[in-house]
Amino acid sequence: MSELLFEIGTEELPAGFQKPALAQLEKNFVRQAADLNLSHGEVITLGTPRRLTLLVEGLADRQPDVREELMGPSKKAGFDDSGQPTRAAMGFARSKGADVADLQVVETDKGEYLMLVQEREGLPAGDLLPDLLQELLHGFSFAKSMRWGSNSSTFARPIQWLLALHDDTVIPFSHDGITSGNTTRGHRFMANSDFPVSHVNVYRQTLADSFVQVDPVKRREAVLTEINSAVADTLDGDTAQVAVDEALLDTVCNLVEKPFGVCGSFDKKFLQLPEEALVTSMREHQKYFPVVDKKNRLLPHFVAVNNTDVKNIALTRTGHERVLRARLEDAFFFFAGDKEKKLEDRFSELTGIIFQAKLGTMLEKSERIVKLASLIGVQVAPDSAEDACRAARLCKTDLLTDMVGEFPSLQGNMGAAYALHDGENERVAAAIREHYMPKRAGAELPSHAVGAIVGLADRLDTISGCFGISQIPTGTTDPFGLRRIAIAIIHILEHFDWTLSLHDVVAKALSLYGDKVNGSTETVDQVVGFICGRFVNDRQTKGVDAEAVEAVVSVGFDDVNDVLRKIEALSAIRGEDAFAVLAASFKRIRNIIKNNTETEVDPALLKEDAEKTLADSYTKLLATASPLLARRDYSAALSAMLVLKTPVDEFFNHVMVMDEDEAVRRNRLNLLTGIATLFLAIGDISRMQNS
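Residues numbered from 1 in each chain as written. Predicted model: local features only at pLDDT ≥ 70, side-chain atom pairs only at ≥ 80, totals over all residues. Heavy atoms only, no water.

(A) Quick look at the sheet that holds strand β6 (residues 111–120). Taken in spatial order, the three strands line up as β4-β6-β5 in an open sheet, and their pairing is antiparallel. Edge strands, defined here as strands with exactly one partner in the open sheet, are β4 (66–74) and β5 (104–108). In this sheet, adjacent strand axes meet at a mean angle of 45° when their direction is disregarded. Note: β4 against β6, seven bridges, orientation antiparallel. Its bridge partner being in β6, arginine 67 is matched across the sheet by glutamate 119. With respect to the sheet, helix α3 (residues 87–95) is in contact with β4 and β6, its orientation differing from that of β4 by roughly 160°. (Pairing = 2+ DSSP bridges. Helix = DSSP H or I, 4+ residues; strand = E, 2+ residues; numbered from the N terminus. Axes fitted to C-alpha atoms, helices over the stretch in contact; angles between N-to-C directions. Contact = heavy atoms within 4.5 Å.)

(B) Focus on the packing of aromatic side chains. Counting across every chain of the model gives 15 aromatic pairs. Relative to phenylalanine 480, the ring of phenylalanine 355 has its centre 6.3 Å away and its plane inclined at 65°; by these criteria the two rings are edge-to-face. You can see phenylalanine 355 sitting in strand β17 (residues 354–356) and its partner phenylalanine 480 sitting in the loop between α16 (449–468) and α17 (482–496), a full 125 residues away along the chain. For phenylalanine 480, a relative accessible area of 27% translates into the label partly exposed. Among the aromatic residues, ring-to-ring pairing joins Phe17, Phe140, Phe142 and Phe155 into one connected group. A cation over an aromatic ring shows up here: lysine 269 above the ring of phenylalanine 332, its NZ or CZ 5.2 Å from the ring centre. (Phe/Tyr/Trp six-rings, centres within 6.5 Å; stacked < 30°, edge-to-face > 60°. Buried < 20%, exposed > 50% of the residue type's maximum accessible area, 1.4 Å probe, protein only. Lys NZ or Arg CZ within 6 Å of the ring centre and 35° of its normal.)

(C) Representation of the environment of arginine 666 within the structure. With respect to the helices and strands, arginine 666 occurs in helix α26 (residues 662–680). The partly exposed category is assigned to arginine 666, whose relative accessible area is 39%. In this structure, the C-alpha to C-alpha distance between arginine 666 and asparagine 561, residues 105 residues apart in sequence, is 37 Å.

(D) Seen up close, helix α4 (residues 125–138). Between the first and last C-alpha of α4 there are 20 Å, a value that for 14 residues agrees with the 20 Å anticipated at 1.5 Å per step. Ala125, Leu128, Leu129, Pro130, Leu132, Leu133, Gln134, Leu136 and Leu137 are the residues of α4 that are buried. Buried residues along α4 sit against β1 (2–10), α1 (15–35), β3 (51–59), β7 (159–166) and β9 (174–175). (Expected span 1.5 Å × (residues − 1).)

(E) Structural detail: helix α11 (residues 362–380). Given a rise of 1.5 Å per residue, 19 residues ought to cover 27 Å, and the 26 Å separating the end C-alpha atoms of α11 matches this to within 8%. Looking at the packing, one finds that the buried side of α11 touches β17, β18 (360–361), α12 (385–394), α16 and α18 (502–511).

(F) Spatial organisation of the side chain of aspartate 659. Among the secondary structure elements, aspartate 659 is positioned in the loop between α25 (645–654) and α26. A distance of 2.8 Å separates a polar atom in the side chain of aspartate 659 from the backbone nitrogen of aspartate 661. Ignoring anything within four residues of it in the chain, the contact list for aspartate 659 reads Lys607, Val664, Arg665 and Arg668. (Polar contact = N/O pair within 3.5 Å; in protein donor to acceptor, adjacent residues only side chain to side chain.)

(G) Quick look at the packing of α18 against helix α19 (residues 521–541). Between α18 and α19, whose axes approach to 9 Å, the crossing angle comes to 125°. The orientation of α18 relative to α19 falls into the category oblique. Both α18 and α19 take part in a crossing whose hand is right-handed. Contacts between α18 and α19 involve Leu502, His503, Val506, Ala507 and Leu510 on the former and, on the latter, Thr523, Val524, Asp525, Val527, Val528 and Ile531. Of the residues contributing to the contact of α18 with α19, the split by class is eight nonpolar, two polar and one charged. (Parallel < 35°, antiparallel > 145°, perpendicular 65-115°, else oblique. Left-handed = near helix turned anticlockwise from the far one by under 90°. Nonpolar A, V, L, I, M, F, W, Y, C, P; charged D, E, K, R; others polar.)

(H) Summary view of the sheet that holds strand β13 (residues 241–242). The strand order across the open sheet formed by four strands is β13-β15-β16-β14, and the pairing between neighbours is antiparallel. Each edge of the sheet is formed by a strand with only one pairing partner; in this case those strands are β13 and β14 (260–265). Two strands pair when backbone bridges link them, and strand β15 (residues 289–292) and strand β16 (residues 298–306) are joined in this way by three bridges, in the antiparallel orientation. Bridging from a neighbouring strand, proline 290 pairs with phenylalanine 302 of β16. Strands in contact with helix α6 (residues 216–234) are β13, β14, β15 and β16; relative to β14, the strand with the most contacts, it is inclined by about 40°.

(I) Structural detail: unusual backbone geometry. Between methionine 437 and proline 438 the backbone carries a cis peptide bond, its omega angle lying at -5°. Inspection of the secondary structure puts proline 438 in the loop between α15 (426–434) and α16. Here aspartate 167, not a glycine, exhibits a phi torsion of approximately 60°, which is positive. With respect to the element layout, aspartate 167 can be found in the loop between β7 and β8 (169–170). What makes aspartate 167 partly exposed here is its relative accessible area of 23%. Even without being glycine, lysine 287 reaches a positive phi, approximately 60°. Turning to its location among the elements, lysine 287 is positioned in the loop between α8 (275–286) and β15. Residue classification places lysine 287 among the partly exposed positions, given a relative accessible area of 29%.

(J) Local environment of the packing of α16 against α18. Contact pair α16 / α18: the axes reach a minimum separation of 9 Å and the direction vectors enclose 70°. Between α16 and α18, the angle falls in the class roughly perpendicular. Handedness of the α16/α18 crossing: right-handed. The segment α16 lies against α18, with Leu460, Ser464 and Gly468 engaging Val505, Val506, Ala509 and Leu510. When its residues are assigned to classes, the contact of α16 with α18 shows five nonpolar, two polar and no charged.

(K) Region of interest: the environment of proline 158. Mapping proline 158 onto the fold places it in the loop between α4 and β7. Residues proline 158 and glutamate 11, 147 residues apart in the sequence, show an inter-C-alpha distance of 5.7 Å. Excluding residues that lie within four positions of it along the chain, proline 158 makes contacts with Gly9, Thr10, Glu11, Met146 and Trp148.

(L) Structural context of the pairing of β15. Of the two faces of β15, the one holding Phe289 and Val291 and the one holding Pro290 and Val292 are both buried throughout. With two bridges joining them, β13 and β15 adopt antiparallel strand pairing. Residue pairing for β15: glutamine 241 is matched across the bridge by valine 292. Here β15 folds back onto β16 in antiparallel fashion, the turn holding five residues, of which asparagine 296 has a positive phi close to 65°.

Structure follows, in structure tokens:
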């Protein structure tokens, strides 16, 4: 067994490129090694902004020898009556690089067949690795790639060196004029030289001696240690602490090869800015960590992370403070200017923002959102309807403010701040911020009904309008994020446990567009069907019984929470022995009744005892189950339905449904149709009969 080390040295890679690139590097190596039948142990990926590294432990020294038995044509087809090989035999041998004399005749279950046995000696790993590493270099896919110099290949950033070792031996190959070797490079500022790597097992220590922490996990821990130490060394550690944002921590980890923290300050006047504006200026634009007190209130301090050690920390601190101050001065100026004009006074100006070329302006969208919010609010939370309409009117007006123009990620947050300044009530202000929630699957949901109603109205307007002009997501494109929108609609309705007909509200949303869209029932069905598809995927992701989900949505999908209750009831009862038998019988019922829709049963036409018993059981069950279904107590309804298990079995054992007498036959079909209709009020349980 041996070890493999492959380091791709580059110019500084964007922080967001590194983790996906390392994942690709590992995945592609594992796949190619499998294709080459080259066994290996643990595959480790390491990286910094200047390098992507692959470490493979327990690499086989060579491929195993292979003995292949290749079946050819039958003996009858391969040889004629005189024993001479036919074209079939000669063609088979030729295709495998062998002679006809090498073919054997073997006995199989289908008779005598020709077989060729080939034995291939495995190649040494050293002979395979040059081509394998070349393939790895060409196997990356980046969000953006570039060419440099006269090179024809692309990469995220220019490649500067290649380190390739098989134990202590260089793996020789070239890529765009760069020849692989046994040297790596140290920290760009603190050890900017080539350093030889004598063996795979000294690679990490060689880099550590050159001020490079190549392990992303350990470097992330070092960043966390540095920022906490910077605050503790500069401020009172009993009152100040770093507000650690995990996403920012990941980003900073991928911006440095060795972290050095420095704590700085800013003028207290900037604390007058909304907290979101301050944090955004620090985190998103400068990659600084905010500092808070023990009650999580912002303090006029921050922590920056440098990629190099400095002798004059005060000078470095001053530089960071100067850069941040410029950002905060801009924000302070924008904030003061924006407050001079109320959000209500900006409403008419939304006509200058295009929502979508075919769907009109943001003003038109806002007017539609108000109407939808009113419709939804009256149904799900009447006490919140008025506030929802007010929030819907103002929810997009902050797009016209200078703050959002400078910091687009603050949309909603700034609207909430300006709404409070304008004297709007807190529920309206919160709804302006929260109507964008959830921003992705699993993210935070609105805290109050007002924001949830506006969020639903906004999303239903968007998804309905896009489908109305045939802007439907494909496998590769979803420019309006309609998949994310559908998931948000589902999660909001589920979270607040609201009863809402998607067909009705989508139809209303389409009608508000007038003649700009195709508002037909087919479009309504398309939109609801799309949401249903995302619902099914979402339930599968959460590990919900897939057959129960299919049983319910195959019958209908309209009210999300009604569907959820049915799924829960079916999942809970499927363990009952009687249910399994009844599900199998129900499948038989569906196959027999086919397109019959009549359910009226004439007692006078019931001849057999078994059908009389079933009809009597069904009548009693209908009286019991109907009120349970009406109040959506599906668990109780299903439990009551299990009483049909024995009568249904007896019916099929003793009654011929397709009787020669048409009236009797029709009566029996109607009885079975009534039973099927009762079950279908919850779901098609025949889809659950195999498990």
